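Coordinates in review
Here is what each chain is made of, one letter per residue.
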Amino acid sequence: MKFTAPKGTRDLLPPETAAWQRAEQLFASVCARFNYQEIRLPTFEQTELFQRGVGDTTDIVQKEMYTFLDKGGRSLTLRPEGTAGVVRSYIEQGMASWPSPVRLYYDITAFRYENVQKGRYREFHQFGCEAIGSNGPEVDAELISLLQMFFEELGLKETSLMINSIGCPACREAYYTVLREWLKPHLSQLCENCRDRYDRNPLRVLDCKEPGCQAITHNAPSQLDYLCDDCQAHFDGLRHQLDVLSLPYTIDHRIVRGLDYYTRTVFEFVSDHVGTQGTICGGGRYDGLIESMGGSSTPAIGFALGVERLMMELNAQGIKQPGLQIPALYIAIAGDGSDTARMVCRRLRKNGFQVETELMSRSLRAQMKYAGKSGAPYVMVIGDDEAESGIAQLRNMKDGSERTVKLDELEDALRQGITTT
Ligand code: HAM
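Only a predicted model underlies this, so the values are computations on that prediction, with no experimental measurement involved.

**Focus on the nonpolar core**
Core analysis: the largest hydrophobic core is formed by 46 residues, its most contacted members being Phe150 and Leu310. The biggest single contributor to this core is helix H5 (residues 137–154), with nine residues. Not counting residues up to four positions away in its chain, the partners in contact with Leu310 are Phe127, Phe150, Phe151, Leu154, Leu156, Ile280 and Leu305. Counting residues in each nonpolar core, the second largest holds 45 residues, with Ile132, Ile166, Ile216 and Met293 among its members.

**So, H5**
Taking 1.5 Å of rise per residue, 18 residues should cover 26 Å, and H5 covers 26 Å from first to last C-alpha, within 8% of that figure. Burial in H5 covers these residues: Pro137, Val139, Asp140, Ala141, Leu143, Ile144, Ser145, Leu146, Leu147, Phe150, Phe151 and Leu154. Following H5 by one or two positions, Gly155 adopts a phi angle in the positive range, close to 95°.

**Overview of the pairing of strand S6 (residues 123–132)**
For S6, a buried count of eight out of ten residues is recorded, marking the element as mostly surrounded by other parts of the structure. Pairing analysis gives ten bridges linking strand S5 (residues 102–111) to S6, with the strands arranged antiparallel. If you follow Val102 over to S6, its bridge partner there is Ile132. Note that S6 and strand S11 (residues 300–306) share seven bridges and pair antiparallel. Bridge pairing in S11 links Gln126 to Gly306.

**A short note on the pattern of salt bridges**
As a working rule, side chains carrying opposite charge can pair if their charged atoms are close by. A complete count under the given rule lists 20 salt bridges for this structure. Of the charged contacts, one joins Arg88 and Glu92 as a salt bridge, the two residues approaching to 2.8 Å between their closest N and O atoms. Taken together, the residues Arg88 and Glu92, both in helix H4 (residues 83–92) and four residues apart, mark about one turn of the helix. For Arg88, a relative accessible area of 18% translates into the label buried. In this structure, Asp140 engages Arg285 in a salt bridge whose closest nitrogen and oxygen atoms are separated by 2.7 Å. Here the residue Asp140 occupies a position in helix H5, and Arg285 occupies one in strand S10 (residues 279–285), the gap between them amounting to 145 residues. For Arg285, a relative accessible area of 0% gives the class buried.

Cut-off values and rules
Starting from 1, residues in each chain are numbered consecutively following that chain's sequence as written. Residues qualify for local features only when their pLDDT is at least 70, as the model is predicted, and side-chain atom pairs are given and counted only at 80 or more; totals for whole chains, interfaces and linings, by contrast, use all residues. The side-chain numbers reported here are obtained from all heavy atoms of the structure, hydrogens and water having been left aside. By nonpolar core is meant a set of buried Ala, Val, Leu, Ile, Met, Phe, Trp, Tyr and Cys residues that side-chain atoms within 4.5 Å join together. Buried residues are those whose accessible area, probed at 1.4 Å on protein chains only, stays under 20% of the maximum for their type, while exposed residues exceed 50% and partly exposed ones sit between those limits. Put simply, DSSP H or I for four residues or longer makes a helix, DSSP E for two residues or longer makes a strand, and each gets a number counted from the N terminus. Two residues form a contact once any of their heavy atoms are found within 4.5 Å. A helix is expected to span 1.5 Å multiplied by its residue count minus one. Any two strands between which DSSP finds at least two bridges are classified as paired. Salt bridges, as used here, are contacts in which a Lys or Arg side-chain nitrogen is within 4 Å of a carboxyl oxygen on Asp or Glu.

Here's what the structure looks like:
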């Protein structure tokens, strides 16, 4: 039997992992500058958490969850996203007593049983942030500015920020009535999913990716024309804050997001490069979620960014990614030099150098061939004489020059070599 990775999953191999590490480190660094702390949560949670948290009307809950019964008969689900778990933890761990807003970030795998296509996997990765406890548009703008700084430092260009407000439950009800009225004559032309959404959550019809539905809803009434005074003031406030921070944006009333918990601000960063899945990152406010999950009424906002899509975007934009880290030195072994070579190697590693020595018992010739291929800028042979005298020839692989160095002083020689080449 030939084993293959399950459909919708992928192996991440070097050197791609180096590019991922760079993105992960940069995300952590930007989050730290905005005073977001990391949260790590279980990969699976009670199924009901997602049913109630993400919402019964969503594609995620209806079709995409990896749900199973454990041996104790509990229904568990592999997390399809991070927000529901963060909210569960916020309530369970009493984070309401922490200084507000509570600012958390995460770097997680998530699981959705989706149709696999470019940029859409069944196991994928998200970087996310959640800011819990602040109502004002300043925190919305700050989160967007965190993302924009992350993209900028990664070297990403050509992404657009789309923003919208989907109001609060009060003004949304009024809008739903108007939207349903407007959609009614087109009902038979909408896709089956949208006919279902018409009753359950008509806002989601605007989000449908079917070209037929998109053509129909092109001129649909906008929630922005039906915002209550408070929601309008909040949205105006967000626009002002984005202007203050010089963050360009486009208002798109069709950005409604695919999860049920959103209120007021919703936003996405989109690009043309990630195939049909143009959304790299999506987020918004979820002012009612914490209360609906059993906590006290607490406003919150967050986003999640698809790491696979981010990496595709970086590649599509031709942004240079870090390659494999090449050893500074390869130590070839001759005769009885092995023990000395291994001791020197260990010392150099302890002192922070990436070095390699022979592990395949190859001939000296074969070792030199390997060293050439490895790309190491320096090579040294340690044999009987070198082991005895503590002195060896350090060969510069670029120009073929050699210099005599004491094994005890190799660190200095390498440091000098690295800074002068
Ligand atoms: P979401 O829009 O469902 O939001 O996912 C966020 C991002 O995850 C998407 O924009 C996309 O880049 C990536 N993504 C989603 N599904 C897949 C997939 N099957 N394969 C690859 N990438 C995917 C959320 O998950 C919310 N929890 C975001 C949030 C946090 N809102 C508030 N706080």
